[in-house]
Amino acid sequence: MRLTRRRWLAQAAAAVAGAGLVARAGTAIADARRLFTAADVHVAGYPTVAAVEWIGARLAESTGGRLGIRVYHSGQLGREADTVDLTRFGAIDLTRVNFAAINNPFPLTRVAALPYVFESTAHMRRAMDGEPGRRILADFARRDLVGLAIYDSGVRCVYNVRRPIVEPGDLAGLKLRVPPSDIFLHFMRGLGANPTPLAFGEVYSALQTHLIDGAENNIKSFDSSRQFEVARHWSETRHSYSPEALLVSRRSFEQLGRADRERLVEFARASVPYMRGLWDDAERSSRAKVLAAGVQVNDVDTQAFRRASQPLLDRELGEPPLRGLHAAIRELE
Ligand code: GTR
């Protein structure tokens, strides 16, 4: 049976309530023990999952086991946008989501999801470590969240079951999955593809059943979701560095004493370089793995893709505050 959103939310809330019971049972033994729940759509061992577990281990270590984090990976608590709502209401303590999933409720995230805004991984890291990243994190407060960290998500490229994509014209008629973001929808439509928004967890079977011809993502997700087994053409469009956000519920955050809040903020900050180390290894090994599995990789006419995305950039960046944020990002190139 297909899960309706309402049924799903009820199940997720029950799962979280179950986790809460475990935490409360622990309270009787170890004083004020708090096991945070965290959501991630990625599989166990994915760098984002490992980074949040790392924060949990640091918290446990520094509080004699009083604080900790249990990560519900592989989308056990639902789609990214739903976990953001559950986190806002305090049903989940933390969630790790991609900017693409939250472009609408958090408009400042749009600038970092747009095509060809960052020139390289180093540029993205400089911008997200600097003032632009701090402004985006601070803006999560507008909806009951505290932005803790921005993680890498590599660079997104197009892949599909049919043919190498070299220029935008090659996308004509291809049904491409996009994340649930109007930026990605308009971007792909502007390039001539036929975009279909789908949740991450649904992409593999959509490829298998020919509901879609392809999608776009970073190489690690292409590998960890096993989509490379079906989509055999990977084209180096390198169109978006849309990063990841780690968010904590304001409610959960405010329940902590000052010293514990500082711990959480400090360990989250320290988890960024830790995650980047894992990320760089993961990108390398995923690339080697998909190549060894016979995926065909091709270069593209990057200038043609940039030109085709200009109308979207002009539309999105016409006004403040996105225009100013974009200028600040470009200055850090
Ligand atoms: C990945 C990202 C996920 C998810 C996914 C998607 O790169 O890490 O959080 O947003 O993309 O395309 O849905």
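Read on for an overview of the structure. Fair warning: this is a prediction, and the values are worked out from it, not measured in the lab.

## A few points about the environment of Ser-181
Structurally, Ser-181 can be placed in the loop between strand S6 (175-178) and helix H7 (182-191). Its relative accessible area of 6% is what places Ser-181 among the buried residues. The sequence separation of Ser-181 and Tyr-241 amounts to 60 residues, and the corresponding C-alpha distance is 14 Å. Excluding residues within four positions of it along the chain, Ser-181 makes contact with Ala-100 and Asn-103.

## Structural notes on the nonpolar core
Counting residues in hydrophobic clusters, the biggest one holds 47 residues, and the most contacted among them are Phe-118, Met-128, Ile-136, Phe-140, Leu-171 and Met-188. With six residues, H7 is the single largest residue contributor to this core. If near-sequence neighbours (up to four positions away) are discounted, Met-128 is found in contact with Phe-99, Ala-112, Phe-118, Gly-133, Arg-134, Ile-136, Ile-150, Pro-243 and Ile-329. Tyr-46, Ile-69, Leu-94 and Tyr-151 belong to the second-largest nonpolar core, a separate cluster that totals 26 residues.

## Points about the pattern of salt bridges
Scanning all chains against the criterion turns up 30 salt bridges. Linking Arg-110 and Asp-182 is a salt bridge whose minimum nitrogen-to-oxygen distance equals 3.0 Å. Placement of the pair is Arg-110 in helix H4 (residues 109-113) and Asp-182 in helix H7, with a sequence separation of 72 residues. Judged by its relative accessible area of 24%, Asp-182 is partly exposed. Connected via shared salt-bridge partners are Arg-125, Asp-129, Asp-152, Arg-276 and Asp-280.

## With respect to the site of the ligand
In the vicinity of the ligand, 13 residues are found, and the nearest of them are His-42, Glu-80, Arg-177, Asn-217 and Glu-244. At 2.6 Å from an oxygen atom of the ligand is found a side-chain nitrogen or oxygen belonging to His-42. Coverage of the ligand by the protein amounts to 99% of the 310 Å² it exposes when considered alone. Put simply, the ligand lies in the largest cavity. By residue class, the composition of the shell around the ligand is two nonpolar, six polar and five charged.

## Some points on unusual backbone geometry
For the bond running from Pro-320 to Pro-321, omega is 0°, close enough to zero to count as cis. For Pro-321, the position within the fold is in the loop between helix H12 (302-316) and helix H13 (322-331). A positive phi angle, close to 60°, is found at Asp-144, a residue other than glycine. On the secondary structure map, Asp-144 appears in the loop between helix H6 (131-138) and strand S4 (145-151). Judged by relative accessible area, which is 27%, Asp-144 ranks as partly exposed. The backbone of Arg-238 sits at a positive phi, close to 45°, despite the residue not being glycine.

Parameters at a glance
- Residues numbered from 1 in each chain as written.
- Predicted model: local features only at pLDDT ≥ 70, side-chain atom pairs only at ≥ 80, totals over all residues.
- Heavy atoms only, no water.
- Helix = DSSP H or I, 4+ residues; strand = E, 2+ residues; numbered from the N terminus.
- Buried < 20%, exposed > 50% of the residue type's maximum accessible area, 1.4 Å probe, protein only.
- Contact = heavy atoms within 4.5 Å.
- Core = buried A, V, L, I, M, F, W, Y, C linked by side-chain atoms within 4.5 Å.
- Salt bridge = Lys/Arg side-chain N within 4 Å of Asp/Glu carboxyl O.
- Near = heavy atom within 4 Å.
- Polar contact = N/O pair within 3.5 Å; in protein donor to acceptor, adjacent residues only side chain to side chain.
- Areas by Shrake-Rupley, 256 points an atom, 1.4 Å probe, with all protein chains shown as cover.
- 1 Å grid on protein atoms, 1.4 Å probe; cavity = no way out; pocket = protein on both sides within 12 Å on 5 of 7 lines; lining within 4 Å.
- Sits in = over half its atoms within 2 Å of the grid points.
- Nonpolar A, V, L, I, M, F, W, Y, C, P; charged D, E, K, R; others polar.

As far as function goes, none of this settles anything; it's purely spatial.
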